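Residues per chain are reported as follows:
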Amino acid sequence: MSDVIQRARTILGRETFGLLILMAVMVLGFSLASPKFLTGPSLSSMGFQAPLLGLLTLAMLAPMISGGFNLAIVYTANISGLALAWVMLQFGGPEAGLGAIALGVVAALVVGTLAGAVMGAVIAYIGAHPILVSLAMMIFLRGLGEFLTRGGDISGFPPALAVLGHGTFLGLPVPLILFGLVALVWHVMLRRSRHGFAVYMVGSNIRATEYSGIDTKRTLVMIYALSGTLCAVAGILMAARFNSVRVGHGEALLLVTVLAIFLGGIDPFGGHGKVAPVILSVLILQVLSSGLNLIGANQHLATAVWGLFLIAVMILRSEQLAAIFRRKD
Amino acid sequence: MLDDGAARHALRLKGVSKVFGGVKALDGVDFDVREGEVHCLAGENGCGKSTLIKIVTGVYQPDGAEAFELFGERLESITPVQSRARGVSVIWQDLALFPNMSVAENIAFDEMVGLRPRGVDYRGMKDRARVVLARLGVTLDLDASLETLPIAQCQVVAIARALMNEARLIFMDEPTASLTQSETDRLLEIVRRLSADGVAIVFVSHRLAEVLDIASRVTVVRDGKLVGVYPTAGMTQARLGELMTGHLLEDHVTARDMATAPVVFQAQDLGLPGQFEGIDLTIRQGEVVGLIGLLGAGRTELAHAMMGMSQPISGQMRLHDQPYRPASIREAISQGMAYVSEDRLHLGLLQKQSIADNAAISVLDRLLDRFGLISNPQKIDLIRGWVTRLGIKIGQPDDAISTLSGGNQQKVVLAKWLATQPKLLILDSPTVGVDVGARAGIFRIVRDLAEQGLAILLISDEVSEVLYNADRVLHMAQGRIAGEYDPRKVSVHALEEVIYE
Amino acid sequence: MSNLLRNRQVEFRLLVVLVLLCIGLSLTTDTFLTMANITSLLNNNSVNLIWAVGLLVVLIAGGIDISFAVAASVVQYLAAKILMGIGGGNWVLGFLVCGSLGVLLGLINAGLIQRFRIISIVVTIATFNAYFGLLMFISGGRSIYALPDWWTARVILFEHEAADGTWSELTLPFTVMVVCVGATWLLIRRSNLGRQLYAFGDNPEGARRAGVSIAVMQALAFGWCGLMAGIAGLMQVNIVQEVVPNALYGRELEVLAAVVLGGARLGGGRGTVTGCVLGVMFVAVTQNGLNLLGISPFAFQMIIGAAILIAISTSNISFAGLGNLRSGGRK
């Protein structure tokens, strides 16, 4: 038995294994506390909610592995959503056809990618600190969005778009399927592609990477551009779910994505980290918040619990470390 | 002078042992230093030198000691604070200084340590720093922030800081590792001055020549055991190397006449203002060309230009008789150039990443599966192949590169570049931080590669290293090639004269 | 002098830009260079400046704090409850209560960082969520308007009526800000503790070997940041005359941007009070200028974001050479 556990640990990695157990304990706890927890409606509502946080978290993850940060994720998503909304309004709002939606989606993806690429270029070619660059970009995009919308909502989209946010396919929520696909692509991109390899290397020592013949500047521009693309996907999803675009939608998720990433055991200094434990962390946060909701707490308590939960996990991990050191001495 | 009792002992250790997890890091070692003496502590990496230093400075407590005397005082053990209060100071290789603080603050830093709040007297601090620097015969801009100083001057600041703490016994860990020869000479001058002042100095260095030059006695440690204490008078580098490694080091001239081999690389009148000018350089297939000169002579700059990291504005380069003008490192690599940088720690390897990834980084394109993705089995095969070919000692390919010794790390760097199947390999100071035993291994590989037809440019400021391993030696000074020598017709001594004149 | 210029390049550059900005605004508007405008500019930015110097100390020590603005909200809320509970209190009690609560919240961060070796950004993002979530949960998001009179009363320390009848005045928050900025300068520039903070941020291992107490340094940095957050919270209530639980949420990143703009380095060891003040004032004057020039308030943030992006880009271009030198010389 312990042999099986040991093997599971080595195959999954210590982080993933620990998180899986945590997840199991929580699911068990909540299903005992509330008979409604393990029912179709409750699970499906989680399936609709988690993908948004998940997409934004993946958008934050890649720059973090490269040793950086992208604080502009939420507003990049908002601005991309605006691009989509603008295109659809040009084609008659609720009457816009599928072609207009497709065009809008492309516009959103282009805008998001572009915002990311600009950030990446400033970081790569000027060497400014990613936190500062993305912070400035965040302030700029928020301002731009507020300027364009005068602080209001843009709504009135064709019903076809709502499928993206509310539909199901083979019984699974469409957003969840979308998230699953994106996560798979992200995993392959990071762990198996040349670009992903370069991202890890850049995150651990950019000059040595440059000396080894890898185009580090291109790698940085690309990783922020891809992060921007992913933000655009999140922005499209938001527009489809809320049937409106407002600058500031999802603002509270920014630091939650960082929380999920740290929960997933990613090295805050870059160079190390996997996709799977991060996705698991996103799901854990979602289970926590939905579960608490079912037993009568509100979102604010869930936020507090998220924070306390991260502290608890970090302490557990450091205790584990301490135990290893004790055995060595 | 070497007569016991001629000078009082600064430090006397007898039968000191220290065990870590069942492994004896130190096994009954004796060590003594007299006041005003320059004493060398020699041994390969991991032989127990640092453990010894850490016992004297109170970082570790000995597991057993027959005698532990500091300035005539018998001790059982000591804490770091007590050690410092008695005048023991260590200048670690990383110097432990503060780059963003001023020179004066760095020198006087220890007087600011403590929890009792008090004001900072910048003027008094500068005065005291000036006095200490005067004792060393040095003047520095006290307001400059430390990071603007070259490493040699940082070294001086570290010494001044030790003196500020009224140090009477100073351990210096590899103080010359990143200094040029002239900087080293100046540092050794300061060391002599201190010794004349009555300060005892323990010098830890891999550079045997300077050890013999500066120290009066040398204590050799191997595998945690004392090999012996020897006067440096009459000691040779070869003998010392043998004592440290436990086997004879074969150092002899290996030069061959390569004048008829086909030309691989050629530079004509290559120039980049402020770095080098009028460089004519020919490297032939299977030839090892040694490029020797002081740091700042333009050696590394020339290598950078050859690798496309800078663009020469005059002259031309040819690779295999084709015009060669790389715009980037990537282009140089794709044309068959490889460059082992002099800074392995920061530029050669990615310390946090695995051995396999470090070896694979320059040849990713060759490790793809049919979907264009990186194939893990191919990556592992690659490193396993090189582990066998170069005799690299590793645990698992997935272990972090930082788990390897300096010599094995350097072999991984070689593997990474050889994997690109280069036509020309540039080795820039390939043995910095590699201990004596492992150096021989690296040069054995270099000569094998040359035998197999690889063209090699070997850059170094250690004359013997170049003379014994190159087929032809070029001397570079002030950005120009100042002379060419045949290793079979010139002695180490004669060449050193030329370079350090 | 040449040394001062060399070691304080970021600050000097920012000063030049700020002066040019001020001259430009004085010439293009009649309202910028009036006492009324300048004093309101200073009053309105007192809270940001108090936070900024607190954050500066943490940045110098090599840490980062995301939780300070939310901590200020928590302090406000608890202080209001405590002070009303004991019958109102007064300014002395107000400072004592807010100051100690702030220090306490800061020490929680320091304790987690030190005891469990978790890096500061992880800890403070966690406490940010925990503090804010708990505050909103417990308060139910409801604002408190019933506050002691002394707390919401305007304390005017300087007033002046111009010929045209406009009043200019400097209020208590401004004075408190000056004291906080001065105290921070004394701490980091003139005391041995402050120099140890710099050293710790610059080279933690070197500082540890020199005998600097790491635990004390963390406690000092985050305690100071907490103290400033508490005082800023107290002053913000004095300005807006109410306690709104989520009013300060989101301000942390703007303060962070301003402080880093002023030359403090993420990673520790570098940053000055002068630069910090200049960074905050650069953002403040830009915003003020846009306002006076009659530009739509919706465009403010966009222009400020762009200004910071441009500032980063230009300041780093001319520093690129220096950076290379440094890494070349210090390998």
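In this text, all values refer to a predicted model and were calculated from it rather than measured experimentally.

Cut-off values and rules
- Residues numbered from 1 in each chain as written.
- Chains lettered and ligands numbered in written order.
- Predicted model: local features only at pLDDT ≥ 70, side-chain atom pairs only at ≥ 80, totals over all residues.
- Heavy atoms only, no water.
- Helix = DSSP H or I, 4+ residues; strand = E, 2+ residues; numbered from the N terminus.
- Buried < 20%, exposed > 50% of the residue type's maximum accessible area, 1.4 Å probe, protein only.
- Disulfide = S-S within 2.5 Å.
- Phe/Tyr/Trp six-rings, centres within 6.5 Å; stacked < 30°, edge-to-face > 60°.
- Contact = heavy atoms within 4.5 Å.
- Buried area = accessible area lost by both parts, 1.4 Å probe.
- Salt bridge = Lys/Arg side-chain N within 4 Å of Asp/Glu carboxyl O.
- Polar contact = N/O pair within 3.5 Å; in protein donor to acceptor, adjacent residues only side chain to side chain.
- Nonpolar A, V, L, I, M, F, W, Y, C, P; charged D, E, K, R; others polar.
- Pairing = 2+ DSSP bridges.
- Axes fitted to C-alpha atoms, helices over the stretch in contact; angles between N-to-C directions.

Participant: Kindly report on the environment of A:Phe242, identifying the contributing residues and their values.
Facilitator: All names here are of chain A. Note that phenylalanine 242 resides in helix α11 (residues 216-242). Given the relative accessible area of 39%, phenylalanine 242 is considered partly exposed. C-alpha separation for the pair phenylalanine 242 and alanine 83, spaced 159 residues apart in sequence, amounts to 16 Å.

Participant: Which residues make up the state of the cysteines, and what values do they have?
Facilitator: Residues and elements named next belong to chain B. Within the structure shown, the criterion is met by 0 disulfides over all chains. Free of any disulfide, cysteine 40 has its nearest neighbouring cysteine sulfur in cysteine 47, separated by 10 Å. The class of cysteine 40 is buried, set by a relative accessible area of 0%.

Participant: Summarise the packing of aromatic side chains; cite the residues concerned and give the values.
Facilitator: For any pair of aromatic rings, the description rests on two quantities: the centre-to-centre distance and the angle between the ring planes. Residue and element names in this part refer to chain B. Inspection of every chain in the model, using the stated rule, returns 11 aromatic pairs over all chains. Between phenylalanine 265 and tyrosine 324 the ring centres are 6.3 Å apart and the planes differ by 80 degrees, which places this aromatic pair in the edge-to-face class. In this pair, phenylalanine 265 sits in strand β11 (residues 263-272) while tyrosine 324 sits in strand β15 (residues 322-324), placing the two residues 59 residues apart along the sequence. Residue class for phenylalanine 265 comes out buried when judged on its relative accessible area of 0%.

Participant: Please provide a residue-by-residue account of the interface of chain C and chain A, values included.
Facilitator: Each partner contributes residues to the interface: chain C has 40 residues there, and chain A has 46 residues. A combined buried area of about 3900 Å² lies between chain C and chain A, and 82% of that area is made up of carbon and sulfur atoms. Put simply, chain C and chain A have 1 salt bridge between them. In this assembly, chain C and chain A are joined by 3 residue pairs in polar contact (both at pLDDT 80 or more). Of all the secondary-structure elements, those providing two or more residues to the side of chain C that touches chain A are α6 (91-116), α7 (120-139), α13 (251-261) and α15 (300-329) of chain C. Of the residues forming the side of chain C that touches chain A, the biggest block, 12 residues, is contributed by α7(C). Of the residues that constitute the side of chain C that touches chain A, the class distribution is 29 nonpolar, 9 polar and 2 charged.

Participant: Please set out the sheet that holds strand β20 (residues 480-485) of chain B residue by residue, giving values where relevant.
Facilitator: All names here are of chain B. Ordered in space as β16-β17-β18-β13-β19-β20, the 6 strands form an open sheet in which the pairing is mixed. This sheet does not close on itself; its edge strands, each paired only once, are β16 (337-340) and β20. Averaged over all neighbouring strand pairs, the angle between strand axes comes to 20 degrees, with direction disregarded. One ladder, built from 4 bridges, connects strand β13 (residues 288-292) with strand β19 (residues 472-477); its direction is parallel. Paired with valine 289 across the strands is arginine 472, a residue of β19. Across the sheet, helix α14 (residues 406-418) lies against β16 and β17 (424-428), angled at about 170 degrees from β16, the strand it touches most. Lying on the sheet, helix α15 (residues 436-451) is in contact with β13, β17 and β18 (455-460); it crosses β18 at an angle near 150 degrees.

Participant: Requested: an account of the environment of A:Val122, with residues and values cited.
Facilitator: Within the element layout of this structure, A:Val122 appears in helix α5 (residues 98-126). Judged by relative accessible area, A:Val122 falls into the buried class, the value being 12%. Separated by 56 residues in the primary sequence, A:Val122 and A:Leu178 have C-alpha atoms spaced 31 Å apart. Apart from the residues lying within four places of it in its own chain, the contact partners of A:Val122 are A:Gly127, A:Ala128, A:Val133 and C:Ser313.

Participant: Describe the pattern of salt bridges, with residues and values.
Facilitator: Residue and element names in this part refer to chain B. Summed over the entire model, instances satisfying the criterion amount to 39 salt bridges over all chains. When the shortest N-O distance is used, the salt bridge between glutamate 277 and arginine 480 registers 3.4 Å. Separated by 203 residues along the polypeptide, glutamate 277 in strand β12 (residues 276-284) and arginine 480 in strand β20 bring together distant segments of the chain. Notably, a salt bridge pairs aspartate 357 with lysine 379, separated by 2.8 Å at the nearest N-O pair.

Nothing here speaks to function; it is geometry throughout.
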